[in-house]
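# Reading the structure
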Amino acid sequence: METDCWLLGGEFEDSVFEERPERQPEPPASYRAKRCEPQWFFEEVGSSDDAEALTIKKFKGDLAYRRHEYQKALQEYSSISEKLPPPNVAMKRDVEEGRARCLAHLGRHAEALEIAANLEKKATNTEHLTTVLCLELAICSSLQNGEKIIFCLQKLISLHPFNPWNWGQLAEAYVNLGPAPLAPFASSRKQNSCTSSEKSIKSSLPRSGKDCLLCFSETLPESSVSSMEASSGNNKNEEGPNNIQNSVAEKREAVLLETQMKACASFIRTRLLLQLTQSQQTSFALERNLRTQQEIEAKMKAFRFKEDVLLLIAEVMGEDIVQEKIKDEVHSEVKCVASAALSSLVIASSKEFEERWFGKIKDHFCPFENQLPMEIQILA
């Protein structure tokens, strides 16, 4: 019994007791990074790996785009768009964005906007959505469509309300809708019995709430002008065409004034956000911040609004600005949510945006409930 136990548990290989020679450490092999010469992908004639072949084609399209050869870049992007496997979502987004930008440069804006809209629907996080909105903004800027540019910026701001640069771009977009501030407004008012000795220009906004519903552009769309002329003609047939023209001119002046108010409010919010962040900045970032604030001050003077009006606008546009929210915006995490929930973060219409940000200011200048005229003093 004891012998069996010894045989089962006490048997060892002789090699266990043998001395092994010490291993001499060998010097580690030197690391050699793969070096790629400029435009190395042109030398790759063929590749057995499909993924690598598609990547090479994309690099060729990127280089063609960099050289402003947009038609050639579009061909490269289009040749791989349908061949990309479904799991390669990142490259698919890059290729589609490249196609959209090439189409915009080639003047095919409708196709570019269609691709951008499709990318917006497929966005799965705030980072993707921000990139797509910037793409839409670039396309609309190439199209030089003022109202679409404004709407793209409004969507960006609804996603990032504490980004001062988006607000600054929105202010510039409002300014670019019309000529220099107050030029037609002041000249037309001087024709209506304003003497040269007066220190202010009084602009009476329309008396009815209906007349206060103003559009963006300096001149109303033809359909709006014709409808207003028709309604004025039905109500005031005895007053003649001169009164109709004066009524339309006053409405256009009100449109211009409201557009200037929106631009002014956007500039003020830009300045408030820059002032809040300048204590955290140094070097060139601080220089750019302070320089932008100086430029805003110069542009604000061109509007010639009274000081109490500017204070009111600053109070309204700065209601939600606190240091903690600015930090959250700067260090915000990427939110990965469903497409439906992601779309709810962006405003659906320009009217929704303006009611959110400019509604209180408009209500102060033109109270719909009382239907009373409201004069806004503008310093001469």
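Residues numbered from 1 in each chain as written. Predicted model: local features only at pLDDT ≥ 70, side-chain atom pairs only at ≥ 80, totals over all residues. Heavy atoms only, no water.

### A few points about the overall build of the chain
Convention followed: By the criteria applied, helices consist of DSSP H or I runs no shorter than four residues and strands consist of E runs no shorter than two, each listed in order from the N terminus. Each residue's exposure class comes from its accessible area (1.4 Å probe, protein chains only) as a fraction of the maximum for that residue type: buried when under 20%, exposed when over 50%, partly exposed otherwise. Contacts are residue-level and defined by heavy atoms, with any inter-residue pair within 4.5 Å sufficient. Using a 1.4 Å probe, the Shrake-Rupley method yields the accessible areas, and only the shown protein chains count as cover for residues.
Summing up its helical and strand segments, the chain has 17 helices and 2 strands in all. Taking all 380 residues of the chain together, the buried fraction comes to 36%. For the chain, contacts bridging at least 24 residues in sequence account for 70% of all contacts bridging at least 6. Summed over all atoms, the accessible surface of the chain reaches about 23700 Å², with 52% contributed by carbon and sulfur.

### With respect to the state of the cysteines
Our working definition: Cysteine sulfur pairs qualify as disulfides if the two atoms are within 2.5 Å.
Following the criterion strictly, the structure yields 0 disulfides and no others. Considering cysteine sulfurs only, C152 is the nearest to C134, which forms no disulfide, with 9.7 Å between them. Take C134: its relative accessible area is 35%, and that puts it in the partly exposed class.

### Here's the deal with the environment of A100
Assignment of secondary structure puts A100 in helix α4 (residues 89-105). A residue is classified by how much of its surface remains accessible, and A100, at 0% relative accessible area, is buried. Taking the C-alpha atoms as reference points, A100 and L74, 26 residues apart in sequence, are found 8.7 Å from one another.

### Some points on the pattern of salt bridges
Rules: For this analysis, a salt bridge means a side-chain nitrogen from Lys or Arg found within 4 Å of a carboxyl oxygen belonging to Asp or Glu.
Taken as a whole and judged by the stated rule, the model has 14 salt bridges. Linking K58 and D62 is a salt bridge whose minimum nitrogen-to-oxygen distance equals 2.8 Å. Residue K58 and its partner D62 are both found in helix α2 (residues 50-66); the two are separated by 4 residues, about one turn of the helix. For K58, a relative accessible area of 12% corresponds to the buried category. Residue K262 pairs with E258 through a salt bridge whose shortest N-O separation is 3.6 Å.

### Digging into the packing of helix α6 (residues 126-143) against helix α7 (residues 146-159)
Where we set the bar: Throughout, an axis means a line fitted to C-alpha atoms (over the contacting stretch in the case of helices), and angles, computed between N-to-C directions, take values from 0 to 180 degrees. Angle categories: roughly parallel below 35 degrees, roughly antiparallel above 145, roughly perpendicular from 65 to 115, and oblique for all the rest. What makes a crossing left-handed is the near helix being turned counterclockwise from the far one by less than a right angle; a clockwise turn instead makes it right-handed. Each residue is assigned to one class: nonpolar for Ala, Val, Leu, Ile, Met, Phe, Trp, Tyr, Cys and Pro, charged for Asp, Glu, Lys and Arg, and polar for all the others, Gly among them.
Taken N-terminus to C-terminus, the directions of α6 and α7 make an angle of 165 degrees; their axes are 8 Å apart at the nearest point. Considering the angle they form, α6 stands roughly antiparallel to α7. For the pair α6 and α7, the sense of crossing is left-handed. Of α7, the residues touching α6 (which contributes T126, L129, T130, L133, C134, E136, L137, C140, S141 and L143) are K148, I149, C152, L153, K155, L156 and L159. Taken together, the residues of the contact of α6 with α7 break down into 11 nonpolar, 3 polar and 3 charged.

### Considerations on the environment of K155
To be explicit about the condition: For the purposes of these results, a polar contact is taken to be a pair of N or O atoms within 3.5 Å, where, inside protein, one atom must be able to donate a hydrogen and its partner to accept one; residues adjacent in sequence count only when each atom of the pair is a side-chain atom.
With respect to the element layout, K155 can be found in helix α7. Between the C-alpha atoms of K155 and S350, which are 195 residues apart in sequence, the distance is 8.6 Å. Once residues lying within four places of it in the same chain are set aside, the contact partners of K155 are E120, L133, E136, V346 and I347. A distance of 3.1 Å separates a polar atom in the side chain of K155 from a polar atom in the side chain of E136.

### Re the packing of α7 against helix α8 (residues 164-176)
Two elements in contact, α7 and α8, have axes whose closest approach is 9 Å; the angle formed by their N-to-C orientations is 160 degrees. For the element pair α7 / α8, the angle class is roughly antiparallel. Handedness of the α7/α8 crossing: left-handed. Between α7, through I149, I150, L153, Q154, L156 and I157, and α8, the contact on the second element is made entirely by N166, W167, Q169, L170, A173 and Y174. For the contact of α7 with α8, the residue count by class is 9 nonpolar, 3 polar and no charged.

### A word on helix α13 (residues 307-317)
As a reminder of what qualifies: The reported arc concerns the directions from the helix axis to the C-beta atoms and nothing else.
Within the span of α13, buried status applies to V309, L310, I313, V316 and M317. Across the axial projection of α13, the buried residues extend over an arc of 130 degrees, all falling on one side. Pointing more than 90 degrees away from the buried face of α13 are the exposed residues E307, L311 and E315.

### Section: unusual backbone geometry
Its identity as a non-glycine residue notwithstanding, Q144 has a phi of 60 degrees, on the positive side. Inspection of the secondary structure puts Q144 in the loop between α6 and α7. Residue Q144 is classed as exposed on the basis of its relative accessible area, which comes to 69%. Positive phi values are uncommon outside glycine, yet R304 reaches one of about 60 degrees. Following the sequence through the fold, R304 ends up in the loop between α12 (283-303) and α13.

### Observations regarding the nonpolar core
Operational definition: Buried Ala, Val, Leu, Ile, Met, Phe, Trp, Tyr and Cys residues form a nonpolar core when they are joined through side-chain atoms within 4.5 Å.
Ranked by internal contacts, the top residues of the largest apolar core, which has 46 residues, are W167, L170, C264, I313, M317, F353 and I361. Mapped onto this core, the elements with two or more residues apiece are α6, α7, α8, α11 (241-277), α12, α13, α16 (350-357) and α17 (359-365).

### Quick word on the confidence of the model for the chain
Selection criterion: As a per-residue measure, pLDDT reflects the predictor's confidence and takes values from 0 up to 100.
When pLDDT is averaged along the chain, the result is 76, and 69% of the positions lie at 70 or above. When pLDDT is averaged over each element of the chain, α8 comes out on top at 96 and strand β1 (residues 200-204) at the bottom at 34. The low-confidence segment residues 180-238, where pLDDT is below 50, has 103 contacts with residues more than four positions distant or belonging to other chains.

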